[in-house]
Amino acid sequence: MAHFIRLRATKAAAVAVASGGTYAFLRDPSVSANDRGGGGGPALESFRSKIGDPYAVVPPRAVQESALIGASPANPLDILVVGGGATGCGVALDAATRGLRVGLVEREDFSSGTSSRSTKLLHGGVRYLEKAVFNFDYGQLKLVFHALEERKQVIENAPHLCHALPCMTPCFEWFEVVYFWMGLKLYDLVAGPRLLHLSRYYSAQESVELFPTLARKGRDKTLKGTVVYYDGQMNDSRLNVGLACTAALAGAAVLNHAEVISFLKDEGSERITGARVRDSLTGKEFDTYAKVVVNAAGPFCDSLRKMANNDAKPMICPSSGVHIVLPDYYSPEGMGLIVPKTKDGRVVFMLPWLGRTVAGTTDSNTNITMLPEPHEDEIQFILDAICDYLNVKVRRVDVLSAWSGIRPLAMDPRAKNTESISRDHVVCEDYPGLVTITGGKWTTYRSMAEDAVDAAIKSGKLSPGNKCLTYNLCLVGGEGWDPASFTVLAQQYVRMKKTYGGKVVPGVMDTATAKHLSHAYGTLAERVAAIAQNENLGKRLAHGYPFLEAEVAYCARHEYCESAIDFIARRSRLAFLDTDAAGRALPRIIQILAVEHKWDKSRQKQEVQMAIQFLETFKSSKNAQFHDGKHK
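Colleague: What is the right way to look at the overall build of the protein chain in this model?
Modeller: A tally of helices and strands in the protein chain yields 20 helices and 23 strands. Within the protein chain, the proportion of its 632 residues that are buried is 60%. Put simply, 73% of the contacts in the protein chain that link residues at least 6 apart link residues at least 24 apart. As displayed, the protein chain has an accessible area near 24,800 Å², and 55% of this comes from carbon and sulfur atoms.

Dropping the structure here:
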């Protein structure tokens, strides 16, 4: 008998008849922030001081694994989370801060799937607002209300990793100027007190001054002006890793590179009581027991549901989103470009991100794979689409990196294409003891986690010590961080560098590096700067990028960085920013990790092979020749 929990409201959620039960919808946006996030009392203050302690250190991986092994049938965990993406780590943090005993296992690395391959935007959903108005769809409007509320909260809870970003919409007809201006004013109105900044109109002349590469003529028409509105931007996988580390500091036993290979069931009731887990790094297998298992495996959640019940009907409709990274000169620092409707009706954007320009995206059906790769025609589609709006030559050879991410959309069996499927999230328990959370988007990860934990508490008849505290809880490195924090690093630290001859020479903690460390690590940046200064690891890993050798050592010690891929893709963003630069940095990264993790020569060789194979899935211009399409 399937048990189904409340769902957030959109039309599409009638959806889930697909899974053999009924779904209902979650949270009413009319509930005020104060009702949900206010207070917290001594419990909130206790967790804040634990997480904000500048000397706090996450428990070592071996300790976390022992905590999972120690969970027995007689003394089980309250909740075992499967999946270390934004939602899974959010669930672990939420449950741990409610005073529950929590474990989390992730087959690859935290944020290794969809959560590191996002658009990097924290958005309320302008498109949903348009649908709400024209379709008189209150469900879509609720979705926008809710996302705008969560957007502001994510930025406040991780201020070092998130910021407001102005986005420019070019208008080539006076009708477009009026239409977009009115629509974006409505967006501002819906945001209410959660507004980041007011939207406004700029003339054609003002627009090209703000965005020099914007074309004055496009689609055989002349630019009439632009409307600029604000959304949030983030460093997605660093935010995800921050969530995992915050959960660990709050008491959750989080373990990456640990795969669930089967579920444990009670022989009498058939209820799931835990999981058999394989540590991918050692090959060791162990059982861990829990009162409830939360399935937060993103695109792979159906395979876990099938592990529990082979007859489970699919609820995921995977959609591929491809992004490309271009040099910084394509867009000015601090201003994005969003085209709401291209020739074929899709949305295309170009945003400044970590000193480069990220452009995308596509939205097409795909198969679920561990390492999705972008097709050459998808890369070309993005290049062709942005070409119409720029006065610079858009070249395939400029693509520094290109990647594909799989969106786990909650499926409506009546939908004809992925664009009409709900971006909303679904929480259900269609097998006793297994609560599944899927769908949704990065912006609403916190409330998705809250809903999943509420469902798990109900399923396992758990007794939390307090209510949800994550609404007003800063992630590690966020408490007390200030945008001017980087000046302390620039003034008080030097970068000691070993030359190729082995001589140690001091280097300047330049502004670019200081800003990078401050934004990537928040208030913990001084720890990284101290390693650069005291352990002679102050050299940059790649020419033109601010990443330091010290970061490799720091991430291995304090952020569960267990492989070269973990570092180039998720602790730093080098693979996403510049695939070739990441390849050149690999030998030194592996050298440092080998010292930290005591790797032998064969493990080092294996790391090189795996990282090169991984980087080949990021289609930089160098890799274009290996694939079918226009560029061979």
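More follows now that the structure is in view.
Colleague: I tried to follow the confidence of the model for the protein chain on my own but got confused; where do I start?
Modeller: Parts of the prediction with low pLDDT should not have their coordinates interpreted in detail. When pLDDT is averaged along the protein chain, the result is 89, and 90% of the positions lie at 70 or above. In the predicted structure, residues 1-35 sits below a pLDDT of 50 and forms 97 contacts with residues beyond four places in sequence or in another chain. pLDDT under 50 marks residues 624-632. Its contacts with residues more than four places away, or in other chains, come to 16 contacts.

Colleague: It is not clear to me how the packing of aromatic side chains should be interpreted in this structure. Could you clarify?
Modeller: Aromatic rings considered in pairs are described by the distance between their centres and by the relative angle of their planes. For the structure shown, the criterion picks out 12 aromatic pairs. Aromatic side chains F110 and Y560 sit 6.3 Å apart centroid to centroid with 70 degrees between the ring planes, which places their arrangement in the edge-to-face category. Linking F110 in the loop between β3 (102-105) and β4 (121-122) with Y560 in the loop between α16 (549-558) and α17 (564-571), this pair joins segments that are 450 residues apart in sequence. For F110, a relative accessible area of 1% puts it in the buried group. Through successive ring pairs, a cluster of aromatic residues spans W403, F576, F614 and F618. The ring of F576 carries the charged tip of R573 above its face, separated from the ring centre by 4.6 Å.

Colleague: Whenever I open this one, the pattern of salt bridges confuses me. Can you help?
Modeller: Between side chains of opposite charge, a pair can form as their charged atoms come close. As enumerated under the stated definition, the model contains 34 salt bridges in all. In this structure, D236 engages K120 in a salt bridge whose closest nitrogen and oxygen atoms are separated by 2.8 Å. Of this pair, D236 sits in helix α9 (residues 236-249) while K120 sits in the loop between β3 and β4, and the two are 116 residues apart along the sequence. Look at D236 and you get buried, because its relative accessible area is 0%. With a shortest N-O distance of 2.9 Å, E596 and R557 are connected by a salt bridge. You can see E596 sitting in helix α19 (residues 579-597) and its partner R557 sitting in helix α16, a full 39 residues away along the chain. A cluster of three or more residues bridged by salt bridges with shared partners is formed by D109, D566, R570 and R571.

Colleague: Explanation requested: the nonpolar core in the structure shown.
Modeller: Nonpolar side chains in soluble globular proteins tend to be buried together. Among the nonpolar cores identified, the biggest contains 134 residues, and I79, C162, L239, Y521 and I568 are the most heavily contacted of them. Tallying contributions element by element places α19 first for this core, with nine residues. V348, A359, A385 and L390 belong to the second-largest nonpolar core, a separate cluster that totals 30 residues.

Colleague: Can you walk me through helix α3 (residues 61-69) in this structure?
Modeller: Within an α-helix, residues lying three or four positions from one another point in the same direction, as the helix has 3.6 residues per turn. Among the residues of α3, those classed as buried are R61, Q64, E65 and L68. One side of α3 holds all its buried residues, which, seen down the axis, span an arc of 100 degrees. Tucked into the core, α3 has its buried residues touching β2 (77-82), β3, α9, β10 (253-255), β12 (272-279) and β13 (285-295).

Colleague: Hey, could you run me through the environment of S572 in this one?
Modeller: Position of S572 among the secondary structure elements: in the loop between α17 and α18 (574-577). With relative accessibility at 0%, the residue S572 sits in the buried group. Measuring from C-alpha to C-alpha, the distance between S572 and V552 comes to 8.7 Å, with 20 residues separating the pair along the chain. Discounting residues that sit within four places of it in the chain, S572 has contacts with F547 and F567.

Colleague: Would you mind going over the pairing of β13 with me for this structure?
Modeller: Here is the key point about a regular strand: its side chains alternate between the two faces of the sheet. Inspection of the sheet shows β2 paired to β13 by five bridges, in the parallel sense. In the sheet register, V81 faces β13, and the bridge partner there is V294. In this structure, the hairpin formed by β12 and β13 is closed by a connection of five residues, where G283 is found at a positive phi of approximately 85 degrees. Pairing analysis gives three bridges linking β13 to strand β21 (residues 434-439), with the strands arranged parallel. What sits directly across from V293, in β21, is L434.

Colleague: What should I look at first to understand unusual backbone geometry in this one?
Modeller: What is expected of a backbone is that most residues other than glycine have negative phi and most peptide bonds are trans. In this structure, T361 follows G360 across a cis peptide bond, with omega equal to 5 degrees. With respect to the secondary-structure elements, T361 resides in the loop between β17 (356-360) and β18 (364-365). Positioned with a positive phi, K461 is a non-glycine residue whose angle comes to about 50 degrees. Tracing the backbone shows K461 in the loop between α12 (445-460) and α13 (486-492). Accessibility expressed as a relative area gives 72% for K461, which makes it exposed. Phi is positive for K598, which is not a glycine, with a value near 55 degrees. Relative to the helices and strands, K598 is located in the loop between α19 and α20 (601-615).

Colleague: Help me understand the packing of α19 against α20, please; the structure alone is not making it clear to me.
Modeller: For any two helices packed against each other, one specifies the inter-axial angle together with the distance between the axes. Running from N to C, α19 and α20 point in directions that differ by 160 degrees, and their axes come no closer than 10 Å. If you check the angle between α19 and α20, you find them roughly antiparallel. Here α19 runs over α20; the crossing is right-handed. Contacts between α19 and α20 involve T579, A582, G583, L586, I590 and A594 on the former and, on the latter, Q604, E607, V608, A611, I612 and L615. Per-class residue counts for the contact of α19 with α20 are eight nonpolar, three polar and one charged.

Colleague: Help me understand a nonpolar patch on the surface in this model?
Modeller: On the surface, a cluster of nonpolar side chains totalling about 390 Å² of accessible area is made up of V133, F134, L186 and L189. When residues of the nonpolar patch are traced back to their parent elements, those giving at least two are α5 (126-134) and α7 (174-191). If you trace the backbone, L186 turns up in helix α7. Given a relative accessible area of 32%, L186 falls into the partly exposed group.

Rules used in this analysis
Residues numbered from 1 in each chain as written. Predicted model: local features only at pLDDT ≥ 70, side-chain atom pairs only at ≥ 80, totals over all residues. Heavy atoms only, no water. Helix = DSSP H or I, 4+ residues; strand = E, 2+ residues; numbered from the N terminus. Buried < 20%, exposed > 50% of the residue type's maximum accessible area, 1.4 Å probe, protein only. Contact = heavy atoms within 4.5 Å. Areas by Shrake-Rupley, 256 points an atom, 1.4 Å probe, with all protein chains shown as cover. pLDDT = per-residue confidence, 0-100. Phe/Tyr/Trp six-rings, centres within 6.5 Å; stacked < 30°, edge-to-face > 60°. Lys NZ or Arg CZ within 6 Å of the ring centre and 35° of its normal. Salt bridge = Lys/Arg side-chain N within 4 Å of Asp/Glu carboxyl O. Core = buried A, V, L, I, M, F, W, Y, C linked by side-chain atoms within 4.5 Å. Arc of directions from axis to C-beta. Pairing = 2+ DSSP bridges. Axes fitted to C-alpha atoms, helices over the stretch in contact; angles between N-to-C directions. Parallel < 35°, antiparallel > 145°, perpendicular 65-115°, else oblique. Left-handed = near helix turned anticlockwise from the far one by under 90°. Nonpolar A, V, L, I, M, F, W, Y, C, P; charged D, E, K, R; others polar. Patch = residues over 30% accessible without salt bridge, like charges linked within 9 Å, V, L, I, M, F, W, Y side chains within 5 Å.

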